[in-house]
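# Results of the structural survey
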Amino acid sequence: MSESGLVATTWQKLRTGDLGVLPVAVVLVLIGLVFQVLNPHFLSADNLVNLTQQSAATGVIALGVVLTLHVGQIDLSVGAVSGLAAAVVAVGSVQLGWPLWLAVLAALAVGVLVGSIYAALHTRLAVPSFVFTLAGLLVITGLQMRVLGPTGSVNLPFEWWLVRFCQTAFLAPATSWAIVALVVAGYAAGRATDRIRRVRAELPVAPLWEVVARVVALAALLSVVVAYLGTNRGVGAVFALFVGLVALTDLLLRRTRWGRSVRAVGGDAEAARKAGVPVRRVFVSAFVACSTLAALGGVLAVGRLAAANQGSGAGDTNLTAIAAAVIGGTSLFGGRGSAWSALVGILVVQSISTGLTLLNLDQSARLVVTGLVLAVAVTIDALQRRAREA
Amino acid sequence: MTVVDGPVLALRGVSKSYGAARALVDVDLQVHAHEVVAVIGDNGAGKSTLVGALTGALVPDEGEVLVDGSPVTLSDPSVARGLGIAAVFQDLALCANLDVVENLYLGHEAQRGLLLDEVTMEKHAWELLNQLAARVPSVRVPVAALSGGQRQAVAIARSLLGEPRVIVLDEPTAALGLRQTAEFLTLVERLRERGHGVLLTSHSLADVQAVADRIVVLRLGRTNGEFDAARTSYEELLAAVTGIQR
Ligand SMILES: Nc1ncnc2c1ncn2[C@@H]1O[C@H](COP(=O)(O)OP(=O)(O)OP(=O)(O)O)[C@@H](O)[C@H]1O
Ligand SMILES: [Mg+2]
């Protein structure tokens, strides 16, 4: 392909959104560089470790939002669900004396229950999801207040495993490097077998250098991250859990029957039904997964703050999680996006927040800037949709 | 394929209304193995509704759907598919955001272990499309990027997957070019030779006369005569479709 041809195809892919999360990842790097110029502490290993640790809980919630957006729906109550889950963990374990694991399970069960109710409302009564999840937001916030009781705040002891896991647990360097080696080897093996099978089946294959380049790029990216964060405290356990969940969701979305049904239903639910996709079950799985991930995000937040209060999961968390999913490039129109948009999106939002804080700007600046970025992301989403239809 | 006398797929006394609009009224219909049945009728005659009732896309208000002579409830297209009835809908029922291979195998994906087997699916996709002489630039482009005729070819190819016993096609040639229509009609004949039952609806009396064994005319939701394709003239069919007696 000639150089101008390459530029033209890349531009076309950019216009239609076929480059996936890549453009947003570039934006993330640019944001990092800008803040680094404004404040030399921004790209320090210490700050980046903090940034990753702060992203995990809300990132997990954003991952759930990515799933509902994929089926063309939205859950506006994820923040409230995370807050209720946090309250259940804290009140259950501290005030009622349940074992901590039981309190965590109960919190996740709350997520499953809420998601099931939403799914039933959507599939049986065909109520639009933004309406009943908005109602759910109010109801669940009320329940959260009720669970927390008159004091409105419950603290967790610092020595509990959940708190240690979310605050002070980091992967040992050997573990981090072992994971990097395994992931790169697994990726390379997957690509190689795929290529061999395609050659045998006489199907077109990507040039070998492209495969090698991808593997090298992945190895380089992971190594740089692990090495750089390793100069400080390393990769946090909770961040590793988040990235692991994103990778797993990505695999499920792209390489399994379930993932394909999810994208089909998000693209055209009626066509998917006629093609034999169990549309109801797909909606149920998406709503339940979303609320359960929201609850898990609440559990991680309670560990990170070592406390649950009435502010847990309120306003901020909700909007940040939904904004992150959209900023990361998952379409509001359904059927398009990537699990990785939860990771890239939350890192963008968190970088803006941390960067502005380092510049001594307050909450108000943070809200305005994040809001503007979200507006840009939604506009791009709409323009890309139009470009695809043209 | 088991050889059964009598129809593989049949409707008995089927009616369907949309509010006050009566789309089908007391319709009887049979499709045998080794047979091509054409259903013709004007716009709004009830052809698509009939196809829906045969393929589980909608459930009739009254009457029965019979498979091998026994009544079945086709609550969903996947149920019909499980009984060996494949469909090409007038709206094609393709997901524009998925690529050709993904659409062909939607709901019936090939797997290797727990993961999808893209290689097998892609290979087979080319074979299916070649049967129809369908030209698509790549089987990995989203269906949104295909022309109307290419999309129709994809929808037809999808109905051939998994050797269904009866294939029901709603206006399959409406968007096809001359060559693709010819290939399609040959394919229909091949399907009949292989023992499939085929039911198709059409506006093109020429296509219908070329390929059908029996022609059923629908008019305002009722059957308005059944004709032997070999012994019926264009004028007779036209009169039955329009209801104008000469
Ligand atoms: N979803 C619906 N809601 C209300 N009325 C409907 C619906 N679908 C079909 N109808 C009505 O039922 C009648 C039969 O429609 P149908 O789509 O079966 O006709 P058709 O023979 O397929 O027409 P065409 O040749 O235009 O495809 C029409 O009068 C139509 O207006
Ligand atoms: Mg029709």
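Residues numbered from 1 in each chain as written. Chains lettered and ligands numbered in written order. Predicted model: local features only at pLDDT ≥ 70, side-chain atom pairs only at ≥ 80, totals over all residues. Heavy atoms only, no water.

The name recorded for chain B in an unreviewed UniProt entry is ABC transporter ATP-binding protein, from Cellulomonas xylanilytica.

As annotated in an unreviewed UniProt entry, chain A carries the name Xylose transport system permease protein XylH and is attributed to Cellulomonas xylanilytica. Quoted verbatim from the Function (unreviewed entry) field of the UniProt record, the comment on chain A reads "Part of the binding-protein-dependent transport system for D-xylose. Probably responsible for the translocation of the substrate across the membrane." Looking at the Subcellular location (unreviewed entry) heading of the UniProt record, one finds this comment for chain A: "Cell membrane". (UniProt positions renumbered as here; feature names shortened; annotations may be inferred.)

### Quick notes on the overall build of chain B
From N to C terminus, chain B includes eight helices and twelve strands. For chain B, the C-alpha radius of gyration of 18 Å lies close to 18 Å, the compact-globule estimate for 246 residues. With the C-alpha coordinates of chain B rotated into their principal frame, the extents come out at 60 × 40 × 40 Å. Per-residue burial for chain B yields a buried fraction of 55% across its 246 residues. Across chain B, 21 positive and 30 negative side-chain charges occur, with their mean positions spaced 2 Å apart. (Helix = DSSP H or I, 4+ residues; strand = E, 2+ residues; numbered from the N terminus. Rg over C-alpha atoms; globule rule 2.2 N^0.38 Å. Buried < 20%, exposed > 50% of the residue type's maximum accessible area, 1.4 Å probe, protein only. Lys, Arg positive; Asp, Glu negative; His and termini not counted. Charge placed at Lys NZ, Arg CZ, Asp CG, Glu CD.)

### Thoughts on the coordination of the magnesium ion (ligand 2)
Each protein donor to the magnesium ion (ligand 2) is listed here as B:S48 (OG) and B:Q90 (OE1); together their distances run 2.0 Å. On the criterion of sequence distance, the pair formed by B:S48 in helix 1 (residues 47–55) and B:Q90 in the loop between strand 6 (85–88) and helix 3 (100–104) is long-range, its members being 42 residues apart. (Donors = N, O, S within 2.8 Å, 3.2 Å for Na, K, Ca; no water.)

### Thoughts on the pattern of salt bridges
Enumeration over the complete set of coordinates arrives at 25 salt bridges over all chains. Among the ionic pairs, A:D250 bridges to A:R254, the shortest N-O distance being 3.2 Å. Of the two residues, A:D250 and A:R254 are both situated in helix 10 (residues 237–255); the distance of four residues between them amounts to about one turn of the helix. Residue class for A:D250 comes out buried when judged on its relative accessible area of 8%. We note a salt bridge from B:D228 to B:R231, for which the minimum N-O separation is 2.8 Å. The partly exposed category is assigned to B:D228, whose relative accessible area is 31%. (Salt bridge = Lys/Arg side-chain N within 4 Å of Asp/Glu carboxyl O.)

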